[in-house]
Amino acid sequence: MDRLVGSGRYPGMTQLHQAVPLVERQHALIEEMRARTPRFVTGRVLAERTGTTVRTVERDVTRLRAAGVPVEVKRGTGGGYRLTMPAVVPPVSFSPGEVAALVASLVALGPYTSATAVSALGKLLTAFR
């Protein structure tokens, strides 16, 4: 398995300071699409809201979709991007290691980047008690 984050001395590895902005941007994209569900959001609007370019939004959406995030893409007039997830997500059980990975991800992202991140971190930390 390829490591996504490393020291930068090895080909194909991203340094942590490069990975964090990517994670923050992808979180912002997911939140923007989630807030507008079921409507499509144009790449231009997502680029403005995340302070990037339409091309960067396209690359980030491609990464999200490759990871399994349910993003629907519609080309042409009235098109854009939207999440195709249910309004209510069923309960999910995590192993202690999975909880630790999620907590570490939220801390790296900055748990105060959104109310949703704060809420998620609180619920995950409760699992440690």
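Everything discussed here concerns the structure shown above.
Owing to the predicted nature of the structure, the values given are computational and were not obtained by experimental measurement.

Section: the environment of Arg39
In this fold, Arg39 is placed in the loop between α1 (16-36) and α2 (43-50). For Arg39, a relative accessible area of 54% puts it in the exposed group. Along the backbone, Arg39 and Arg82 are 43 residues apart, and their C-alpha atoms lie at a distance of 6.6 Å. Residues in contact with Arg39, not counting those within four places in the same chain, are Tyr81 and Arg82.

Things to note about the pattern of salt bridges
A full pass over the atoms with the stated rule returns seven salt bridges. The salt bridge involving Asp60 is made with Arg25; its shortest N-O contact spans 2.5 Å. One end of the pair, Asp60, is in helix α3 (residues 54-66); the other, Arg25, is in helix α1, and 35 residues separate them in sequence. In this structure, the salt-bridge partner of Arg36 is Glu32, at a minimum N-O distance of 2.5 Å.

Each value, and the rule that gives it
One numbering rule holds for all chains: residues counted from 1, following each sequence as written. Restriction of local features to residues with pLDDT of at least 70 applies here, the model being predicted, together with a cutoff of 80 or more for giving and counting side-chain atom pairs; totals for whole chains, interfaces and linings are based on all residues. By convention in this description, side-chain values take in all heavy atoms of the structure and omit both hydrogens and water. The numbering of helices and of strands both runs from the N terminus, where a helix is a DSSP run of H or I of at least 4 residues and a strand a run of E of at least 2. Summary of the burial criterion: residues with accessible area below 20% of their type's maximum are buried, those above 50% are exposed, and those between are partly exposed, where the area comes from a 1.4 Å probe applied to protein chains only. Whether two residues are in contact is decided by their heavy atoms: any pair within 4.5 Å suffices. Throughout this description, the term salt bridge denotes a Lys or Arg side-chain nitrogen within 4 Å of a carboxyl oxygen of Asp or Glu.

Any functional reading would require information beyond the geometric quantities listed.
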